[in-house]
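What follows is the residue order along each chain.
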Amino acid sequence: GTGVKKIRNFTGQVIRTNKKQDLALLKIDIAHIARSDITVLPLGHMSEVEIGMEVHAIGHPKGKNWSYTRGAVSQIRERFTWRYDEHLRHEANVIQSQTPINPGNSGGPLFSNGGNIVGINSFGDPNAEGINFAVSVDNIRSLVKGEDAPPTRNSILPEPLSRYAKSRWDRDG
């Protein structure tokens, strides 16, 4: 289609995982790749994520490569738990949005209007429409650093009150 680059395959290896948060950090083998073939996407911060703001997803739902969708943040949920099956319980700080995502979007970026990655699209509520979740950029940054994610600010309070709320992280230093 118009505007879609030819699909290229890259090889790499998993260098760090956090199964509890359903995240993996990959190192791509770039020895035989031209720098012009790689675009580095900036990581954002949870401070730029607000309830009601527009967010954007790019993924490959149902094999439809490079599909774009947009929606709005519905809520930010700390230490949210979910399961894909009865074996492993996941827990992470998540961004709930009504951005349409489907199988094939998982593992793809959730962007702010500024083009920053604010989450990794992970799962949706199979029994509802428009309730989808992305693991937060706080958890992504922590995976890269090899540490646990700090709690985010108290996001349940609507603006303008949430800007005055202090999280446990702020109080404890």
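Residues numbered from 1 in each chain as written. Predicted model: local features only at pLDDT ≥ 70, side-chain atom pairs only at ≥ 80, totals over all residues. Heavy atoms only, no water.

Student: Even after reading the chapter, I still don't get the sheet that holds strand E5 (residues 89-97), so can you show me in this structure?
Tutor: Sheets are built from strands that pair by backbone hydrogen bonding, the pairs being arranged parallel or antiparallel. Spatially, E3-E4-E5-E8-E7-E6 is the arrangement adopted by the six strands of the closed barrel, whose pairing is antiparallel. Here the average twist between neighbouring strands, direction ignored, is 55 degrees. In the sheet, strand E4 (residues 67-83) pairs with E5 via eight bridges, with the strands oriented antiparallel. Looking at the pairing, Ile76 lines up with Ile95 of E5. Along the sheet face, helix H1 (residues 137-145) touches E5, strand E7 (117-124) and strand E8 (132-136) and points at about 40 degrees away from the line of E8. (Pairing = 2+ DSSP bridges. Helix = DSSP H or I, 4+ residues; strand = E, 2+ residues; numbered from the N terminus. Axes fitted to C-alpha atoms, helices over the stretch in contact; angles between N-to-C directions. Contact = heavy atoms within 4.5 Å.)

Student: Honestly, the pattern of salt bridges in this entry has me stumped. Any pointers?
Tutor: Oppositely charged side chains may form a pair once their charged atoms are brought near each other. If you walk through the whole model with that rule in mind, you get three salt bridges. Among the salt bridges present, the one from Arg70 reaches Glu54, with a minimum N-O distance of 3.7 Å. Here Arg70, found in strand E4, pairs with Glu54, found in strand E3 (residues 54-59); they are 16 residues apart in sequence, far enough to count as distant. Across the pair Arg89 and Glu91 runs a salt bridge, and its minimum N-O distance is 3.4 Å. The partly exposed category is assigned to Arg89, whose relative accessible area is 42%. Residue class for Glu91 comes out buried when judged on its relative accessible area of 17%. (Salt bridge = Lys/Arg side-chain N within 4 Å of Asp/Glu carboxyl O. Buried < 20%, exposed > 50% of the residue type's maximum accessible area, 1.4 Å probe, protein only.)

Student: Please clarify how the environment of Val144 should be interpreted in this entry.
Tutor: Assignment of secondary structure puts Val144 in helix H1. With 127 residues separating them along the chain, Val144 and Thr17 place their C-alpha atoms 9.5 Å apart. Ignoring sequence-local partners within four residues, the contact set of Val144 consists of Arg16 and Leu25.

Student: Would you take a moment to explain H1 for this structure?
Tutor: Residues Val137, Asp138, Asn139, Ile140, Ser142 and Leu143 constitute the buried set of H1. Check the buried side of H1 and you find it contacts strand E1 (12-18), strand E2 (23-28), E5, E7 and E8. Where H1 terminates, the next one or two residues include Gly146, which has phi positive at roughly 80 degrees.

Student: Help me out: how do you make sense of a nonpolar patch on the surface in this one?
Tutor: On the surface, a nonpolar cluster with roughly 630 Å² of combined accessible area is contributed by Phe10, Val14, Leu26, Ile28, Ile30, Ile38 and Val40. If you trace the backbone, Ile28 turns up in strand E2. (Patch = residues over 30% accessible without salt bridge, like charges linked within 9 Å, V, L, I, M, F, W, Y side chains within 5 Å. Areas by Shrake-Rupley, 256 points an atom, 1.4 Å probe, with all protein chains shown as cover.)

Student: Hey, could you run me through the environment of Ala72 in this one?
Tutor: With respect to the helices, strands and loops of the structure, Ala72 is situated in strand E4. In the structure, Ala72 is positioned 25 residues away from Ser97 in sequence and 5.5 Å away in space, judged by C-alpha atoms. Ignoring any residue separated from it by four or fewer positions in sequence, one finds Ala72 in contact with Gly52, Met53, Glu54, Val55, Gln96, Ser97, Gln98 and Thr99.

Student: Please explain the confidence of the model for the protein chain as it appears in this structure.
Tutor: Low pLDDT marks regions whose predicted coordinates should not be analysed in detail. For the protein chain, per-residue confidence averages 83 on the pLDDT scale, and residues scoring 70 or more make up 81% of the total. No element of the protein chain has a lower mean pLDDT than helix H2 (residues 168-172), which averages 38, and none a higher one than strand E6 (residues 109-111), which averages 97. Taken together, the stretch residues 154-173 has pLDDT below 50 and engages in 20 contacts with residues farther than four places along the chain or on a different chain. (pLDDT = per-residue confidence, 0-100.)

Student: Explain the packing of aromatic side chains here, please?
Tutor: Aromatic rings considered in pairs are described by the distance between their centres and by the relative angle of their planes. Per the stated rule, a full pass over the model turns up five aromatic pairs. When the ring of Phe80 is compared with that of Phe123, the centres are 6.2 Å apart and the planes differ by 15 degrees; the resulting orientation is stacked. Residue Phe80 is found in strand E4, and its partner Phe123 is found in strand E7; the two are separated by 43 residues along the sequence. With a relative accessible area of 23%, Phe80 lands in the partly exposed category. By relative accessible area, Phe123 is classed as buried at 10%. Relative to Phe123, the ring of Trp82 has its centre 4.5 Å away and its plane inclined at 15 degrees; by these criteria the two rings are stacked. (Phe/Tyr/Trp six-rings, centres within 6.5 Å; stacked < 30°, edge-to-face > 60°.)

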